[in-house]
Amino acid sequence: MIEKFCHECGTKLTKKELENEGIVPFCPKCEAFRFPMYNVAVSMIVINKQTNKILLIKQYGKDYYVLVAGYVNRTEQLEHAVAREIKEETGMTVSSIKFNRTQFYEPSDVLMCNFTAFVENDVEFCPNGEIDAYRWFTYDEARKNIRQNSLAAYFLNAYLDG
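Worth saying up front: this structure is predicted, and the values here are computed from it rather than measured.

> Where do I start with the overall build of the chain in this structure?
Scanning the chain for helices and strands turns up three helices and nine strands. Reading the chain from its N end, one meets helices and strands in the order β-β-β-β-β-β-α-β-β-β-α-α. Here the chain has a C-alpha radius of gyration of 19 Å; the compact-globule value for 162 residues is 15 Å, and the former is much larger. With respect to the three principal axes, the spread of C-alpha positions in the chain is 60 × 30 × 25 Å. Within the chain, buried positions represent 40% of all 162 residues. In the chain, once contacts between residues fewer than 6 apart in sequence are set aside, the share between residues at least 24 apart is 59%.

Printed below as a string of structure tokens:
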């Protein structure tokens with residue numbers, strides 16, 4: 001998605017050639033190139049080390065399972081966002097994190113960064129109001145129950161197949 005107006009002054013952007021970059025949106029008032037801006041989010045394959053099961057959740061009244069996910073705050077490190085989102089949504093403390101992969105999600109203009117986050121057990125589990133339902137699944141069950149043809153399924157299957 002290309003922004004049509006300057007995020008600094010609101011002037012309508014034009015297109016201008018930038019050496020080694022091609023055609024880039026340009027603000028004639030600020031006299032500055034304006035590269036596309038987008039949000040960054042993290043999604044997590046949460047694994048309970050004690051049971052070796054994966055947590056899938058349902059949210060926002062939807063009747064399908066997805067991964068725990070959330071937006072990254074400005075200046076926040078991705079790994080901190082992973083631990084924060086899991087703590088906020090589930091009450092659990094992450095013991096270790098492993099980066100998996102990224103994928104740009106065009107419908108909401110978000111760069112999704114996927115991680116595997118391990119928790120020691122589910123003793124601290126206390127879901128907040130963002131979670132409508134949840135379940136711990138074996139790896140095979142998780143693959144079958146996650147929303148098919150979704151970005152969450154892509155991340156989960158890539159992890160399980162890796």
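Moving on, there is more to tell.
> When you look at helix H3 (residues 151-161) in this model, what are you seeing that I'm missing?
Given 3.6 residues per helical turn, the α-helix brings residues three or four places apart onto the same face. Counting buried residues along H3, eight of its eleven residues qualify, which places the element largely inside the surrounding structure. Taken residue by residue, H3 has Leu151, Ala152, Ala153, Phe155, Leu156, Asn157, Ala158 and Leu160 as its buried positions.

> Please clarify how the layout of surface pockets should be interpreted in this entry.
The rolling of a water-molecule-sized probe over the atoms marks out the regions of remaining empty space. The space that makes up the largest pocket amounts to roughly 740 Å³. When residues of the lining of the largest pocket are traced back to their parent elements, those giving at least two are strand E4 (39-48), strand E6 (68-71), helix H1 (78-90), strand E8 (110-119) and H3.

> Hey, could you run me through the sheet that holds strand E3 (residues 32-33) in this one?
Picture the strands of a sheet paired through backbone hydrogen bonds; they go either parallel or antiparallel. Spatially, E1-E2-E3 is the arrangement adopted by the three strands of the open sheet, whose pairing is antiparallel. Both edges of this open sheet fall to strand E1 (14-18) and E3, since each of them pairs with a single strand only. When E1 meets strand E2 (residues 22-27), the two strands line up antiparallel, connected through five bridges. Residue pairing across strands places Lys16 opposite Val24, the latter belonging to E2.

> Looking at this model, I keep getting lost on the pattern of salt bridges. Mind explaining?
Oppositely charged side chains can form a pair if their charged atoms are brought close together. In this structure the tally under the stated criterion is seven salt bridges. The partner of Glu76 in a salt bridge is Arg84, with the nearest N and O atoms 2.7 Å apart. Across this residue pair, the class does not change: Glu76 and Arg84 are buried. For Glu85, the salt bridge goes to Arg84, with nearest N and O atoms at 3.0 Å. Judged on exposure class, the residue Glu85 and its partner Arg84 are both buried. Residues participating in the shared-partner salt-bridge network are Glu76, Arg84, Glu85 and Glu88.

Each value, and the rule that gives it
- Think of each chain on its own: its residues are numbered from 1, step by step along the sequence as written.
- The predicted origin of the model limits local features to residues at a pLDDT of at least 70 and limits the giving and counting of side-chain atom pairs to 80 or more, whereas totals for whole chains, interfaces and linings rest on all residues.
- Hydrogen atoms and water are omitted, and side-chain values are computed over all heavy atoms in the structure.
- Helix numbering and strand numbering both begin at the N terminus, where a helix is a DSSP run of H or I of at least 4 residues and a strand a DSSP run of E of at least 2.
- Taken over C-alpha atoms, the radius of gyration is set against a globule rule of 2.2 Å times the number of residues to the power 0.38.
- With a 1.4 Å probe rolled over the protein chains alone, any residue whose accessible area is under 20% of its type maximum counts as buried; one over 50% counts as exposed, and the rest are partly exposed.
- Residue contacts are counted whenever heavy atoms from the two residues lie within 4.5 Å of one another.
- In this analysis, the protein atoms alone were mapped onto a 1 Å grid. Cavities are point sets where a 1.4 Å probe fits without being able to get out; pockets are open sets with protein on both sides within 12 Å along at least five of seven lines; lining residues have an atom within 4 Å of a point.
- Grid points are joined across faces, edges and corners, and a volume is the space filled by probe spheres set on the points.
- For two strands to count as paired, DSSP must find a minimum of two bridges between them.
- Salt bridge, as used here, is a side-chain nitrogen of Lys or Arg placed within 4 Å of a carboxyl oxygen of Asp or Glu.

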